[in-house]
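Report on the structure
Residue strings, one per chain:
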Amino acid sequence: MGIRVSQVTKSFSGLRAVDDLSLDVDSGSLVALLGPSGCGKSTLLRMIAGLDVPDHGQIWIDGAEVTGRSVQERHVGFVFQHFALFKHRTVRQNIAFGLELQKWPKEKIRWRVEELLNLVQLQGYGSRYPSQLSGGQRQRVSLARALAVKPKVLLLDEPFSALDAKVRKELRTWLRGLHEEMQVTTVIVTHDQEEAMEVADKIVVMNKGHVEQIGSPVDIYDHPATPFVINFVGEVNLLTGGLAAQGQQDGQHDGDQEIFVRPHELELYAAPQAKSVPVIIRRVVHMGKDVHLELVLDDGQVLHAELTRAKVERTGTPLSIGTRLHVLPQATYSFN
Ligand code: ADP
Ligand code: MG
């Protein structure tokens with residue numbers, strides 16, 4: 001058993017931050033709550049932790065209902081975005097904090113702290129103060145402190161979002177490795193879809209206090225359940241006019257339906273193809289291995305396309321501003 005959230009609602013001054021939300025997190029899995037700022041991710045996490053009380057619904061951890069129980073009774077570890085280490089305690093003392101509260105014997109604390117320093121790869125940093133660490137190292141200490149008491153679940157609220165992009169990327173790879181080693185049921189809150197994709201077994205896409213879709217990273221990307229999900233997870237173009245008609249390949253769509261296409265699923269040709277639509281290049285951005293193009297249709301609609309270098313070469317024409325190309329959507333998405 002992992003975590004079960006059953007029909008949970010929480011309002012703040014009449015506004016529903018979390019709205020009749022249900023969710024299961026399998027034991028030992030890593031689940032990401034993904035959604036825009038204000039959609040209720042932190043509120044949900046805080047209710048799982050016991051820092052907030054639901055207005056309605058129940059929360060279960062490890063097979064036991066904990067809805068009315070205190071934080072201490074739930075055996076959860078948590079880490080927040082802003083480093084919450086004690087400034088005047090060393091790394092060792094910070095990690096030992098929860099163990100001291102639980103009155104572990106001194107010798108056992110010493111061993112446990114050394115074990116955790118190894119786990120978070122901070123051997124040799126035990127005597128330092130938080131101010132003598134980098135941001136990434138501090139968050140690893142926060143994680144060690146959260147894990148020290150062997151929590152049943154680990155709750156992480158945007159733990160890496162205050163760090164720069166490179167460190168953030170390193171830490172999420174590291175977190176995934178740590179999770180595989182520890183197998184602690186983990187919920188991570190993030191508004192960064194790449195982060196969710198990279199670390200999570202399952203992604204819960206949230207919008208306005210409810211769940212839009214739950215699925216593996218592949219499911220969510222390849223089979224988005226709603227227009228919200230396709231817009232939030234990965235880049236997408238909304239097709240209109242003639243191009244939307246081209247996108248309706250199976251002929252079963254009605255005229256009002258929204259048709260979407262991913263930027264990398266736009267095929268570009270130098271010469272017109274059957275059903276292709278002419279466009280003019282308005283902007284070219286070189287992004288290392290990919291080239292991003294802004295294309296304008298005759299009716300003024302703008303499309304974003306992403307091409308690998310190999311694809312650029314296959315178009316057989318130099319891609320510069322003002323070049324005329326012919327576009328054909330490969331895979332499209334629509335919703336009922
Ligand atoms: P997220 O973490 O997804 O950004 P939050 O859970 O923090 O979203 O917030 C969801 C909504 O609830 C927001 O509209 C926010 O302003 C509101 N909210 C959250 N906590 C409180 C609070 N303690 N008091 C009043 N409103 C709150
Ligand atoms: Mg939040």
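The structure contained in this document is the topic of the report that follows. (Residues numbered from 1 in each chain as written. Chains lettered and ligands numbered in written order. Predicted model: local features only at pLDDT ≥ 70, side-chain atom pairs only at ≥ 80, totals over all residues. Heavy atoms only, no water.)

So, the layout of surface pockets
In this structure, the largest pocket encloses a volume near 670 Å³. At the level of secondary structure, the elements contributing two or more residues to the lining of the largest pocket comprise helix H2 (71-74), strand E6 (76-80), helix H3 (91-101) and helix H5 (135-148). Broken down by element, the residue count for the lining of the largest pocket peaks at five residues, all from E6. Residues that form the lining of the largest pocket fall into these classes: twelve nonpolar, eight polar and two charged. (1 Å grid on protein atoms, 1.4 Å probe; cavity = no way out; pocket = protein on both sides within 12 Å on 5 of 7 lines; lining within 4 Å. Points joined across faces, edges and corners; volume = space filled by probe spheres on them. Helix = DSSP H or I, 4+ residues; strand = E, 2+ residues; numbered from the N terminus. Nonpolar A, V, L, I, M, F, W, Y, C, P; charged D, E, K, R; others polar.)

Side note on the sheet that holds strand E17 (residues 324-329)
Strand order in the open sheet formed by five strands is E13-E17-E14-E15-E16, and the pairing between neighbours is antiparallel. Only two strands of the sheet have a single partner each, and these edge strands are strand E13 (266-269) and strand E16 (302-308). Each strand axis lies, on average, 45° off the axis of its neighbour in the sheet, ignoring direction. Where E13 meets E17, four bridges bridge the pair, whose relative direction is antiparallel. (Pairing = 2+ DSSP bridges. Axes fitted to C-alpha atoms, helices over the stretch in contact; angles between N-to-C directions.)

Brief notes about the environment of Leu175
Following the sequence through the fold, Leu175 ends up in helix H6 (residues 165-182). Exposure remark for Leu175: the relative accessible area of 3% places this residue in the buried category. Separated by 33 residues in the primary sequence, Leu175 and Ser142 have C-alpha atoms spaced 12 Å apart. (Buried < 20%, exposed > 50% of the residue type's maximum accessible area, 1.4 Å probe, protein only.)

Note that every value here comes from positions in space, so none of it alone points to a role or purpose.
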